[in-house]
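Letter by letter, the chains look like this.
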Amino acid sequence: MASKRQIRLGVSMIGLGYHLAGWRHPDAPAGGNMELPHFIRVTQAAERGLFDMAFLADGVGIRFHDEPAGALARTSKNVQFEPLTLLSALAMVTKNVGLVATASTTYNEPYHVARKFASLDHISGGRAGWNVVTSVTDMEAQNFNRDKAPGYDLRYDRAAEFVEVVRGLWESWEDDAFIRDKARGLNYDPSKLHVLNHQGQHFQVRGPLNVARTPQGMPVIVQAGASEQGRELAAATADVVYAAAQTLEDAQAYYADVKDRMAKYGRERDHLKIMPGLMAIPGHTRQEAQDRYEVLQELVQPLVGLGALSNYLGDLSAYPLDGPVPAPVNRRMHSRAQIFLDIAARGNLTIRQLYLSVAGGNGHRTVIGTPADIVDAMEEWFTQDAADGFNILPPWLPGGLEDVVEMVVPEMQRRGLFRTAYEGPTLREILGLPYPTHRRAAIAAALGSAAQ
Ligand SMILES: Cc1cc2nc3c(=O)[nH]c(=O)nc-3n(C[C@H](O)[C@H](O)[C@H](O)COP(=O)(O)O)c2cc1C
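We now turn to the structure provided with this report. (Residues numbered from 1 in each chain as written. Predicted model: local features only at pLDDT ≥ 70, side-chain atom pairs only at ≥ 80, totals over all residues. Heavy atoms only, no water.)

### With respect to the packing of aromatic side chains
Here's step 1: On inspection of all chains with the given rule, the structure shows 12 aromatic pairs.
Here's step 2: Plain terms: the ring middles of Phe-117 and Trp-130 are 6.0 Å apart, the flat faces sit at 40 degrees to each other, and that makes the pair tilted. Of the two residues, Phe-117 sits in helix H3 (residues 110-123) while Trp-130 sits in strand S4 (residues 128-133), which places them 13 residues apart along the sequence.
Here's step 3: You can call Phe-117 buried: its relative accessible area is 0%.
Here's step 4: By relative accessible area, Trp-130 is classed as buried at 0%.
Here's step 5: Taken together, Phe-117, Trp-130, Phe-162, Trp-170 and Phe-203 form an aromatic cluster joined through their ring pairs. (Phe/Tyr/Trp six-rings, centres within 6.5 Å; stacked < 30°, edge-to-face > 60°. Helix = DSSP H or I, 4+ residues; strand = E, 2+ residues; numbered from the N terminus. Buried < 20%, exposed > 50% of the residue type's maximum accessible area, 1.4 Å probe, protein only.)

### Topic: unusual backbone geometry
Residues apart from glycine generally show negative phi values, whereas peptide bonds are mostly found in trans.
Here's step 1: Residue Glu-67 is joined to Pro-68 through a cis peptide bond whose omega torsion reads -15 degrees.
Here's step 2: Inspection of the secondary structure puts Pro-68 in the loop between strand S2 (53-56) and helix H2 (83-91).
Here's step 3: That bond from Gly-207 to Pro-208 is cis: its omega, -5 degrees, falls within 30 degrees of zero.
Here's step 4: Within the fold, Pro-208 resides in the loop between strand S8 (204-205) and strand S9 (220-223).
Here's step 5: The phi torsion at Leu-50 lies on the positive side, around 60 degrees, for a residue other than glycine.

### A few points about the pattern of salt bridges
Where side chains of opposite charge bring their charged atoms close, a pairing between them can arise.
Here's step 1: For the coordinates displayed, the defined rule picks out 29 salt bridges.
Here's step 2: In this structure, Arg-269 engages Asp-260 in a salt bridge whose closest nitrogen and oxygen atoms are separated by 2.8 Å.
Here's step 3: Judged by relative accessible area, which is 41%, Arg-269 ranks as partly exposed.
Here's step 4: One connected set of salt bridges, linked through shared partners, spans Glu-228, Arg-231, Glu-232, Asp-257, Arg-261 and Lys-264. (Salt bridge = Lys/Arg side-chain N within 4 Å of Asp/Glu carboxyl O.)

Coordinates in, geometry out; function isn't part of it.
What follows is the structure in structure tokens.
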């Protein structure tokens, strides 16, 4: 049955919420970011809301500078569970929602990543996703025997080869390789085992993977990176892109650019779902929504606000808080730094106004209003080629997500923009992505029939 195109929803369940002051919300469980029951409640809320996936951003180390000094001690995102370990536990208390973990291509080996995500896919019954990141900060590099992160080109070059190796390892076994014939004493069909024998610039990996082909063929690949190199990697390999954009025009330009790049890789545009981040704060009235937002805004300390800006623009504490935003002192993450500078320029903002305006969404789009306002905003981007869905960034957890599930999802369903039941047990089915062809098996089959 051909069904109407519908909005995809993910939720970023980082710690106690996305807003800088989320952890200080009166109802946020203060230690929840290190407590399993907190994440169980969050993932189960996402599943109640029929979300496509729950998403765990991650870094291999604290990724924020303590700039100005003392800022870091006033934030909560410095400790978090290792994502795959956490998602394995969450797989046991959920049935349908996709489980996406971030893993770095700069500080892992492809074999490890392939094996862990394949295992999570089996454990979760086909719900695993890998968010491919290249780890931009020097602080992470310093946990892995280096002073500085490698440059963009090197990181992305390694990432592209890394993803190819992982995908190759996920094709070690054909779907029906295991016959497990007790009577004949034959466990698998050797002709359905493929040894990778990868010899590349960055990796030499023999394979095969010691995990069988996974329930959804291979875990879903998510990409989060907006640079030239990041876009190319997404177009070549990603099933989902997690993006950041403020305006319809910027989101449309990004959407068209990444989808246009897919043809040269022989890929269909619809096989990549672009999901910008969206901080949605609903209320029964606009005033109630605004009041909910203000509760958090009032808790943003200037030191913490400056700290948030310093991650992208460098330490601005030498400049007056109520003066104009200066040129970056130290531009750190190119794509997000530009979003911050654009926000400041559009609104002619002071430093204080800029940090307050990004305290919630950190450069992602923020919509505060009634459920109808929020769904209008989503529908506009969805119908005008700016997004296939949204990664919801709750300002605080779990309540910020539960508000979206209880208020926004029913409005989306009422308009026919969102599912009323899960489409299938696997994340690929939920996202409307085809089961991936086993490339090695297809080649072997083609050679076999040519020989006949
Ligand atoms: C929406 C979005 C989410 C991201 N999430 C993460 C993350 O969880 N962990 C991480 O190490 N990097 C993350 N990144 C960073 C990218 O991997 C990349 O290193 C960074 O964006 C710089 O490259 P870019 O200019 O291509 O964006 C994210 C980037 C974007 C745009």
